[in-house]
Amino acid sequence: MKRPSYVTDKALKTFIKNALEEDIQDGDHSTLSTIPEDLEQSAKLLVKQNCILAGVELAEIIFKTFDKNLKIETFIQDGTPCKVGDVALIVTGSARSILSTERFVLNCMQRMSGIATLTHEWDSRLVGTKTKLLDTRKTTPNFRMCEKWAVAIGGGTNHRYGLYDMIMLKDNHIDYNGSITNAVKMAKEYVKKTKKKLKIEVETRNLKEVQEAINAKVDRIMLDNMDVKTMKEAVQMINGSCESEASGGITRDMLKEIASTGVTYISVGALTHSAENIDLSLKAVK
């Protein structure tokens, strides 16, 4: 699949550089002390748990960044359903390079595959509806790029990437500011003054706040921790004047019912903060 726009060469270079520095520093001494410099070997990336595989492209980039002479033969692409025993890729070249990057590659792929698998499971429940599944900013610091990339691989839709690419006025913004009306007014003035192309979303907690947000003419209204009946009323009030987003306390079993209210999006923090890692390993080819 095509990389999301936030997965840039620059971002990947920085991420990989920092991760390698964290892990290796002045040397992988276990490998340097036991593996001859000129020894060449191969290793296969083995799938040990049924999943939606993610992080294959990232693994290729990690291997090649560390050692441009490594050769990678890829058999399974990102987003592919895999079963136990499948071999995703084989890497061949310097045994030292393979060993020094092994855990870094596996950490990324196991985490990303877990997120992609969970996202796929949730998203499949929305098939046949017009509602899209969103992730959130509930991500691991310095690993957000990979986690959101995994959501996209799993079939989900990325929400804003960070604090800089959308204005989202949440409950604390509203409470600190005084009202939705005034907060939105100030946000619009800020957008005009800075000449930034930023959509404005407002979090609402009840139907009164929904109406206030509608009157303020925002781009999206979040319906936070509302029951399905209230959500349905809110969507009817909004009546297509802007996008709507259901959020808070959402479980897999609720997805279809929430989608039936007509909301544009359902955002779920669990996609990134509660996904379990998938069991993968890098095994020497004998």
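Right above here is the structure, for reference.
Criteria and cut-off values
Residues numbered from 1 in each chain as written. Predicted model: local features only at pLDDT ≥ 70, side-chain atom pairs only at ≥ 80, totals over all residues. Heavy atoms only, no water. Pairing = 2+ DSSP bridges. Helix = DSSP H or I, 4+ residues; strand = E, 2+ residues; numbered from the N terminus. Axes fitted to C-alpha atoms, helices over the stretch in contact; angles between N-to-C directions. Contact = heavy atoms within 4.5 Å. Buried < 20%, exposed > 50% of the residue type's maximum accessible area, 1.4 Å probe, protein only. Arc of directions from axis to C-beta. 1 Å grid on protein atoms, 1.4 Å probe; cavity = no way out; pocket = protein on both sides within 12 Å on 5 of 7 lines; lining within 4 Å. Points joined across faces, edges and corners; volume = space filled by probe spheres on them. Nonpolar A, V, L, I, M, F, W, Y, C, P; charged D, E, K, R; others polar.

Novice: Where do I start with the sheet that holds strand β7 (residues 167–169) in this structure?
Specialist: Each strand in a sheet pairs with its neighbour through backbone hydrogen bonds, running either in the same direction (parallel) or in the opposite one (antiparallel). Strand order across the open sheet formed by six strands is β6-β11-β10-β9-β8-β7, with parallel pairing between neighbours. Strand pairing shows two members of the sheet lacking a second neighbour, β6 (132–134) and β7, which therefore form its edges. Between one strand axis and the next, the sheet turns through 25 degrees on average, direction left out of account. Here β7 runs beside strand β8 (residues 200–204); their pairing, made up of three bridges, is parallel. Each residue of the ladder has a partner; that of Met168, found in β8, is Glu201. The strands touched by helix α9 (residues 228–238) within the sheet are β9 (220–224) and β10 (243–247), with β9 carrying the most contacts at an inclination of about 165 degrees.

Novice: Looking at this model, I keep getting lost on α9. Mind explaining?
Specialist: The periodicity of an α-helix, 3.6 residues per turn, causes residues three or four places apart in sequence to face the same way. Within α9, burial applies to Thr230, Met231, Ala234, Val235 and Ile238. Projected down its long axis, α9 carries its buried residues within an arc of 140 degrees, all on one side. In α9, the exposed positions that point more than 90 degrees away from the buried face belong to Lys229 and Gln236. Tucked inside the fold, the buried residues of α9 contact α8 (207–216), β9, β10 and α10 (255–259). Phi turns positive one or two residues past the end of α9, at Asn239, with a value near 50 degrees.

Novice: So what exactly am I meant to see when it comes to the layout of surface pockets here?
Specialist: Empty space among the atoms becomes apparent when a probe as large as a water molecule is rolled across them. Looking at the largest pocket, its volume works out to about 540 Å³. As for the largest pocket, its lining consists of 19 residues, and the residues nearest its centre are Phe15, Ala19, Pro141, Asn142 and Phe143. Those elements that provide at least two residues to the lining of the largest pocket are α1 (9–24), α4 (95–123) and α5 (144–153). Looking at the lining of the largest pocket element by element, the count peaks at seven residues for α1. Classifying every residue of the lining of the largest pocket gives eleven nonpolar, four polar and four charged. A volume near 370 Å³ is recorded for the second largest pocket.

Keep in mind these values describe shape, not function.
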